[in-house]
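# Notes for the structure review
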Amino acid sequence: MTTIGNDSENPPKGSVAATRVEMTQVVLPQFANSLGNVFGGQMVSWIDICAAVAAQRHCRAQVVTASIDAVHFMAPVKLGHVVVLKSQVNAAFSTSVECGVSAWMEDPLTGERARAVKAYSTFVSLDEAGHPQPVPPLTLLTDEDRRRHQAALARRQARLALRAAQQGAS
Ligand SMILES: CC(C)(COP(=O)(O)OP(=O)(O)OC[C@H]1O[C@@H](n2cnc3c(N)ncnc32)[C@H](O)[C@@H]1OP(=O)(O)O)[C@@H](O)C(=O)NCCC(=O)NCCS
């Protein structure tokens, strides 16, 4: 079994850095609508995959998407552009983790990049019987890790309140 990269590219186990994922996609014709922009649903699919890999790097177990918070599309991504997605685990709760995902569009001819999407998703770690199981604690090493963690705690409150309201309404 080999690890990827050298020591400086292998951050401490359990740290936020150990969960970091970068994923690249080229916007091919099948991913674009008649205006030549990438489909929103396609972008959500890439977000889900990128964040799931980050969640699995932390949980080292099967994970399922419990929710994706409101997704904000900030700039159109055009046919032929490169989409660069970055994700990391922001917080580990009891049986779930929150992942943040940012997607950037890159013009391959100029190298210009602009943030296109920002999203937060929650994944639940499942045991072999498919039941939620405890996740490992997340080690916060940097001020940026701690800032993201604080923000994730606030989002969790809002998210669980919304879930409870929706369950009450059904
Ligand atoms: C997500 C799922 C596993 C939760 O199962 P459950 O029986 O409701 O379990 P619990 O109520 O014990 O919740 C388990 C964890 O999920 C979290 N959770 C459940 N619903 C959530 C939501 N809508 N948003 C964020 N977190 C949620 C809970 O907070 C809990 O995490 P915690 O232990 O860290 O607090 C279950 O609803 C499921 O399997 N959903 C389908 C998932 C799926 O198929 N996703 C792919 C897209 S269809």
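As the structure is a computational prediction, the values presented were derived from the model and not from experiment.

Rules of the game
Residues numbered from 1 in each chain as written. Predicted model: local features only at pLDDT ≥ 70, side-chain atom pairs only at ≥ 80, totals over all residues. Helix = DSSP H or I, 4+ residues; strand = E, 2+ residues; numbered from the N terminus. Buried ≥ 20, exposed ≤ 12 C-beta atoms within 10 Å, placed from the backbone. Contact = placed C-beta atoms within 7 Å. Near = placed C-beta within 6 Å. Nonpolar A, V, L, I, M, F, W, Y, C, P; charged D, E, K, R; others polar. Core = buried A, V, L, I, M, F, W, Y, C linked by C-beta atoms within 7 Å. Expected span 1.5 Å × (residues − 1). Arc of directions from axis to C-beta. Pairing = 2+ DSSP bridges.

A count of helices and strands for the chain gives two helices and six strands. In sequence order, the chain lays out its α and β elements as β-α-β-β-β-β-β-α. Each principal axis of the C-alpha atoms in the chain carries an extent, and together these give about 50 × 45 × 35 Å. Counting the 170 residues in the chain, one finds 26% classified as buried. Taking as baseline every contact in the chain between residues at least 6 positions apart, the subset at least 24 positions apart corresponds to 72%.

Further remarks concern the site of the ligand. Around the ligand lies a shell of 14 residues, among which Ser 67, Phe 93, Ser 94, Thr 95 and Ser 96 are the nearest. Mapped onto the shell around the ligand, the elements with two or more residues apiece are β2 (62-68), β6 (113-126) and α2 (143-169). Sort the elements by how many residues they give to the shell around the ligand and β2 lands first, with four residues. Each residue belonging to the shell around the ligand can be placed in one class, and the counts come to six nonpolar, six polar and two charged.

What follows is about the nonpolar core. Ile 47, Ala 55, Val 89, Val 97, Cys 99, Val 101 and Ala 103 are the most contacted members of the largest nonpolar core, which has 32 residues in total. Looking at this core, the elements that each hand over two or more residues are α1 (40-59), β4 (82-92), β5 (96-106) and β6. Among the elements that line this core, the one with the most residues is α1, at seven residues. Setting aside its immediate chain neighbours within four residues, Val 97 contacts Ala 55, His 58, Cys 59, Val 89, Ala 91, Ala 92, Phe 123 and Val 135.

The next point concerns α2. Across its 27 residues, α2 extends 39 Å between first and last C-alpha, which sits within 8% of the 39 Å expected from 1.5 Å per residue. Within α2, only one of the 27 residues are buried, which leaves it mostly out in the open.

Let us look at α1. Across its 20 residues, α1 extends 28 Å between first and last C-alpha, which sits within 8% of the 28 Å expected from 1.5 Å per residue. Within the span of α1, buried status applies to Met 43, Ile 47, Cys 50, Ala 51, Ala 54, Ala 55, His 58 and Cys 59. Considered in projection along α1, the buried side chains sweep an arc of 165° and stay on one side of the axis. Next to the buried residues of α1 lie β1 (21-26), β2, β4, β5 and β6. Arg 60, located one to two residues past α1, shows a positive phi value of around 50°.

Moving on, we get to unusual backbone geometry. Even without glycine at this site, Arg 60 takes up a positive phi of about 50°. By secondary structure assignment, the location of Arg 60 is in the loop between α1 and β2.

Now for the pairing of β4. Extensive coverage of β4 is indicated by the burial of eight of its 11 residues. Sheet topology places β1 next to β4; six bridges connect them, and they run antiparallel. The partner of Val 26 across the bridge, within β4, is Val 82. Alignment of β4 against β5, held across 10 bridges, turns out to be antiparallel. Residue Val 84 lies in a different strand from β5, and its bridge partner there is Trp 104.

Take Val 16: it is sitting in the segment before β1. Owing to 26 C-beta atoms within 10 Å, Val 16 belongs among the buried residues under this scheme. Separated by 118 residues in sequence, Val 16 and Pro 134 have C-alpha atoms that sit 17 Å apart. The residues touching Val 16, leaving out its near neighbours within four places in the chain, are Gln 88, Val 89, Leu 138, Leu 140, Leu 141 and Asp 145.

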